Amino acid sequence: MSKLSYYVFIILCFLTNQFLSSQNNILVEGKVVDQNDFEIPFAAVGIIKKNIGTTSSGEGTFSFVITVNELDDFLEISSIGFETFKINVRNYLNGKQKIIKLKEKFTSLTEVVAKSPIFYVKSSLKKLKENTISSNHQLNMIYRRWSVEDNICRFYIEQFLNVIDRGPSSYIVKSNIFQSRKSSEYRFIKNEQKVHAVQYMEWNNPLRKGLIVNSFKWKKIKNSSYDGEDIIIVEGSKNGEKLKLFIGYDSYKIYRLEMDKVPQTGKSLTASYIYKKNTNGKLYLGYHLREWKGASKTPENVKKAIINSGKKPRNFIPLAYRHEVFVVELIENKKLFSKFEDMGQKDMTLYNIPYDDKFWKKISLPAETNFFKKNISELESLYGVSIETQFEYSNK
């Protein structure tokens, strides 16, 4: 195959992706709120029976693409503490108001009925493999990472990844970078991770590492509900580490995990993993948020620059990585899996991925969260250059 033919083939494959705009693609967008019009963050929004959808942002907004084949299906919205809402897709699109109002659902659990917190934790881990997609499945995701130096975002990279996963009871089999783009480079330390950031997403998940339940002191935070099931929210703590699990009362499914720990002196890690259901009710990752904080010794050239500016140099510069991940597509049919090449393991900035401006203009990106806006605002404020302009000149 000639080089020209190869690129033509790649472009044709690219155009078949359901997330790209075409004459048959339709944008579904809106906002999820409660009965008092307060936004509902991290709600599962989509067409469950076809594994199409997204997760609402911290402000309750959402957007994803469908085709005409989904117009007669049902859009479902589920969130912890609320009744699941269903509406015909065509009717929703034809409606003037694109605001979905969820009704609060009060749990039927009582202090007498509920068992001890540690019982739910142990039961949920025992059924983790059964309750999640534990066979190979492909997650197509938008992976965003901001590099922070001296408490301000100075670099941003965004990648569209294809990931073969086996769920939280197992491991990520392999991953592939389909597309990538980056901001202007404003870092002066340029710290690099030893492996791709998606690998750390796996390694930092306590469910994947084998949670030692008895090493935590567990307590119940409160009762709630999710998609018609009562859930119990429990929190475990030990030596400055906290772990919060949202567990189904009957199914023992872990719908959400939040963690906050200090792995080493001067370092910290906070993270959330939110899971959603497939057509068979099995859970898979839908959304992930993480921030690592640490510090690095001040390089000599930076010390000299500080001294020349008339200031006293510091021995250490605070660093951080901020991550946000949206899973935009689940593929369970192995015949439809993408082709994977060995990408090796290195910092996500070190992969040489040709920039495709058309891809990023056509893809239906998730709704922007406040987390996203805050980081981009910091980056743009350094020299007053918009992120789109940075993309244009930094990816040539």
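About the thresholds
Along each chain, the written sequence defines residue order, and numbers are assigned to residues from 1. Per-residue local features are limited, in this predicted model, to residues with pLDDT of at least 70; the limit for side-chain atom pairs, both in listing and counting, is 80 or more; totals at the level of whole chains, interfaces and linings are taken over all residues. To obtain the side-chain values, all non-hydrogen atoms of the structure were used and water was disregarded. Salt bridge criterion: a side-chain nitrogen from Lys or Arg within 4 Å of a carboxyl oxygen from Asp or Glu. The secondary structure listing takes helices from DSSP runs of H or I that are at least 4 residues long and strands from runs of E that are at least 2 residues long, numbered from the N terminus. To sort residues, take the accessible area from a 1.4 Å probe on protein chains only and compare it with the maximum for the residue type: under 20% means buried, over 50% means exposed, and anything in between is partly exposed. By the convention used here, strands pair only if DSSP detects at least 2 bridges between them. Fitted lines through C-alpha atoms give the axes, limited to the stretch in contact for helices. The angle between two N-to-C directions lies from 0 to 180 degrees. Each pair of aromatic rings taken from Phe, Tyr and Trp, with Trp reduced to its six-membered ring, is defined by centres within 6.5 Å and is described as stacked if the planes are under 30 degrees apart, edge-to-face if over 60, and tilted in the remaining cases.

Undergrad: Could you clarify how one ought to interpret the pattern of salt bridges in this entry?
TA: Note that side chains of opposite charge can pair when their charged atoms are close. Overall, the coordinates contain 21 salt bridges when judged by the stated rule. Between E324 and R144 there is a salt bridge; the shortest N-O distance is 3.7 Å. Here E324 is found in strand β17 (residues 316–331), whereas its partner R144 is found in strand β8 (residues 137–149), with 180 residues between them in sequence. You can call R144 buried: its relative accessible area is 1%. Among the salt bridges present, the one from R256 reaches E258, with a minimum N-O distance of 2.9 Å.

Undergrad: Would you mind showing me how to read the sheet that holds strand β4 (residues 61–67) here?
TA: Each strand in a sheet pairs with its neighbour through backbone hydrogen bonds, running either in the same direction (parallel) or in the opposite one (antiparallel). Across the sheet, three strands lie side by side as β4-β1-β7; this open sheet has mixed pairing. At either end of the open sheet lies a strand with only one pairing partner, and these are β4 and β7 (99–101). Each adjacent strand pair in this sheet contributes to an overall mean axis angle of 35°, direction not counted.

Undergrad: Looking at this model, I keep getting lost on the packing of aromatic side chains. Mind explaining?
TA: Centre-to-centre distance and the angle between the planes together describe a pair of aromatic rings. Under the defined criterion, the tally for this structure stands at 20 aromatic pairs. With 5.4 Å between their ring centres and 40° between their planes, F216 and W218 make a pair best called tilted. Assigned by exposure class, F216 and W218 land together as buried. Here a set of aromatic residues connected by ring pairs shows up, and it is made of W146, Y156, F371, F372 and F391.

Undergrad: Please clarify how the pairing of strand β14 (residues 254–261) should be interpreted in this entry.
TA: A regular strand places its side chains on the two faces of the sheet in alternate fashion. Within β14, six of the eight residues are buried, which leaves the element mostly enclosed by the surrounding structure. With antiparallel pairing between neighbouring strands as the criterion, strand β13 (residues 241–248) and β14 make up a hairpin whose turn holds five residues, including Y252 at a positive phi of roughly 65°. Pairing of β14 with strand β15 (residues 268–277) involves six bridges; the strand directions are antiparallel. Looking at β15, one finds that L257 is bridged to Y273. Between β14 and β15, which pair antiparallel and follow one another directly, the connecting turn spans six residues, one of which, G266, has a positive phi of 85°.

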